[in-house]
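# Chains, contacts and geometry: an overview
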Amino acid sequence: MTDTSATTVQTPARPVPKPGVMGIAPYVPGKSKAANGKTLHKLSSNETPLGASEAARKAVANVAGHLELYPDGSASELRAAIGEVYGINPDRIICGAGSDEILSLLAYAYLGQGDEAIYSQHGFLVYDIAIRAAGATPVVAPETDLTADVDAILSRVTNRTKLVFLANPNNPTGTYLPFSEVRRLHAGLPPNVLLVLDAAYGEYVRRNDYESGLELAATADNVVMTRTFSKIYGLANLRLGWGFGPAHIIDALNRIRGPFNVSGAAIAAGIAAVRDRAFVDAAVAHNDTWLPWVTVELEKIGLSVTPSVGNFILIHFPDEDGKRATDADTYLSGQGCVLRLVGNYGLPNAIRMSIGTEAANRKVVSALAAFMTK
Ligand SMILES: *Cc1c(COP(=O)(O)O)cnc(C)c1O
């Protein structure tokens, strides 16, 4: 036997994950079923109430005849279609199994132990998971009025900072930063810090001072914009998202992604969906009608709602026995309406509601009116 006395480090009795992994709080997805099992309206994950484009559904049906074949690993036809619709260079696009995969790839490629990455106080929790999974340290910047605060983010940059995640608009608050603020953030970051602009809800925003980050990602060396097919395109079940950025970053991501990370069904559906602009316009029009309607109706019954530019709203409840967010959630669930508690986002007395069909929106408003007066 060889002498092992020089290496008497205790060998663990079983495999141990690398540092950071066991510090991750598992992501809690929106519930899909009401307490009594009778779900009338699922409004818990910001899915569209309009389903998917007919063209996308047909495209998936066609793929069903060839399930034995590997998909195109570079999703070139899909990247070409996205490039055409958004007016960007397809060589600088990467597709992923949801934009969550792109966010993770960015963290794995640019973060390691000893590095820091910043996100804002009520920012999307996938960032925290991606940062820790990469072995790095999350740094949380406080928000002002439930909105990302550029100065708070910039003041937390150190020489260990490698990445900043910003959801614009943000989930679950529905608030956004005007593009002048995003530019100010970018201008204040050292050139080696990667700025990730997550525009999952970009298509819904109707504000003159909003930009998704397309142009910044086209021109800056340290900006990536991510988008998803899960929200306005109605393809959440297929898992499809994309990122757009400088060639050197897309090159790095392509080296670490799985060779066939996007399925053929997702590619086919994505090509059809991105070209169906009438479908997207209808989804925007639906949201433009119902987002303000739900907001105003809930305010009428005495609830406060954070002004949202996305396809969801954050509803705040009174700090009063029997009237808190958890009470409302239980009550709504009993009425078949599944919304989203957001205590894990540091918002213990709020509920997030996705804008649904007309019937769903009316049902939630009438149920909450009854809840508030009971
Ligand atoms: C829903 C959402 C995503 C999209 O996730 P997918 O993995 O593409 O389904 C990304 N960012 C934010 C802020 C979201 O709310």
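Scoring rules and cut-offs
- Residues numbered from 1 in each chain as written.
- Predicted model: local features only at pLDDT ≥ 70, side-chain atom pairs only at ≥ 80, totals over all residues.
- Heavy atoms only, no water.
- Pairing = 2+ DSSP bridges.
- Helix = DSSP H or I, 4+ residues; strand = E, 2+ residues; numbered from the N terminus.
- Right-handed = clockwise from strand over helix to strand, strands pointing away.
- Axes fitted to C-alpha atoms, helices over the stretch in contact; angles between N-to-C directions.
- Left-handed = near helix turned anticlockwise from the far one by under 90°.
- Contact = heavy atoms within 4.5 Å.
- Nonpolar A, V, L, I, M, F, W, Y, C, P; charged D, E, K, R; others polar.
- Domains from an automatic or database assignment.
- Buried area = accessible area lost by both parts, 1.4 Å probe.
- Salt bridge = Lys/Arg side-chain N within 4 Å of Asp/Glu carboxyl O.
- Polar contact = N/O pair within 3.5 Å; in protein donor to acceptor, adjacent residues only side chain to side chain.
- Near = heavy atom within 4 Å.
- Areas by Shrake-Rupley, 256 points an atom, 1.4 Å probe, with all protein chains shown as cover.
- 1 Å grid on protein atoms, 1.4 Å probe; cavity = no way out; pocket = protein on both sides within 12 Å on 5 of 7 lines; lining within 4 Å.
- Sits in = over half its atoms within 2 Å of the grid points.
- Core = buried A, V, L, I, M, F, W, Y, C linked by side-chain atoms within 4.5 Å.
- Buried < 20%, exposed > 50% of the residue type's maximum accessible area, 1.4 Å probe, protein only.
- Phe/Tyr/Trp six-rings, centres within 6.5 Å; stacked < 30°, edge-to-face > 60°.

### What to know about the pairing of strand S4 (residues 137–141)
Pairing between strand S3 (residues 116–120) and S4: 5 bridges, direction parallel. Each residue of the ladder has a partner; that of alanine 117, found in S4, is proline 138. Tracing the backbone out of S3, into helix H4 (residues 126–133) and back to the parallel element S4 gives a crossover that is right-handed.

### Describing the packing of helix H3 (residues 99–110) against H4
At a minimum axis separation of 8 Å, H3 and H4 run at an interaxial angle of 35°. Remark: the crossing between H3 and H4 carries right-handed chirality. Contacts between H3 and H4 involve Asp100, Leu103, Ser104, Ala107 and Tyr108 from the first element and Val126, Tyr127, Ala130, Ile131 and Ala133 from the second. Taken together, the residues of the contact of H3 with H4 break down into 8 nonpolar, 1 polar and 1 charged.

### What about the domain arrangement of the protein chain?
Partitioning the protein chain into structural domains gives domain 1 (28–50 + 278–373) and domain 2 (54–275). Measuring from the centre of the C-alpha atoms in domain 1 to the corresponding centre in domain 2 gives 26 Å. Between domain 1 and domain 2, the residue contacts involve 24 residues of the former and 24 residues of the latter. Interface area, domain 1 with domain 2, both sides summed: about 2,100 Å², of which 66% is carbon and sulfur. Its largest share of buried area at the contact with domain 2, domain 1 owes to Val309, Phe312 and Tyr345, together 33% of the area lost on that side. Taken together, the connections running from domain 1 to domain 2 amount to 1 salt bridge. Put simply, arginine 206 and aspartate 288 hold a salt bridge, and the shortest N to O gap is 3.1 Å. There are 6 residue pairs in polar contact (both at pLDDT 80 or more) connecting domain 1 and domain 2. Those elements giving two or more residues to the side of domain 1 that touches domain 2 turn out to be helix H10 (277–300), strand S10 (312–316) and strand S13 (347–354). Residue composition of the side of domain 1 that touches domain 2, by class: 11 nonpolar, 11 polar and 2 charged.

### Brief notes about the site of the ligand
All residues in the neighbourhood of the ligand are listed as Gly98, Ser99, Asp100, Phe124, Asn171, Asp198, Ala200, Tyr201, Thr228, Ser230, Lys231 and Arg239. Within the backbone of aspartate 100, a nitrogen or oxygen atom sits 3.0 Å from an oxygen atom of the ligand. One nitrogen or oxygen atom from the side chain of tyrosine 201 is found 2.6 Å from an oxygen atom belonging to the ligand. Protein contacts shield 94% of the accessible area of the ligand, which totals 380 Å² for the unbound molecule. Mapping the ligand onto the cavity grids shows that it belongs to the largest pocket. Its residues assigned to classes, the shell around the ligand comprises 3 nonpolar, 5 polar and 4 charged.

### Let's talk about the nonpolar core
With 63 residues, the main nonpolar core has Leu78, Ile82, Phe229, Tyr233 and Trp242 as its most contacted residues. Sort the elements by how many residues they give to this core and helix H9 (residues 264–275) lands first, with 9 residues. Formed jointly, this core draws a minimum of three residues from each of two domains, domain 1 (28–50 + 278–373) and domain 2 (54–275). Counting 32 residues, the second largest nonpolar core, distinct from the first, contains Ile94, Ala117, Val126 and Val196.

### Focus on the packing of aromatic side chains
Centre-to-centre distance and the angle between the planes together describe a pair of aromatic rings. Following the criterion strictly, the structure yields 12 aromatic pairs and no others. Measuring from centroid to centroid gives 5.6 Å for phenylalanine 124 and tyrosine 127, while their planes differ by 85°, and the two rings are edge-to-face. For the ring pair tyrosine 127 and phenylalanine 165, a centre distance of 4.6 Å and an interplane angle of 5° mean the geometry is stacked. In this pair, tyrosine 127 is assigned in helix H4 and phenylalanine 165 in strand S5 (residues 161–167), connecting sequence segments 38 residues apart.

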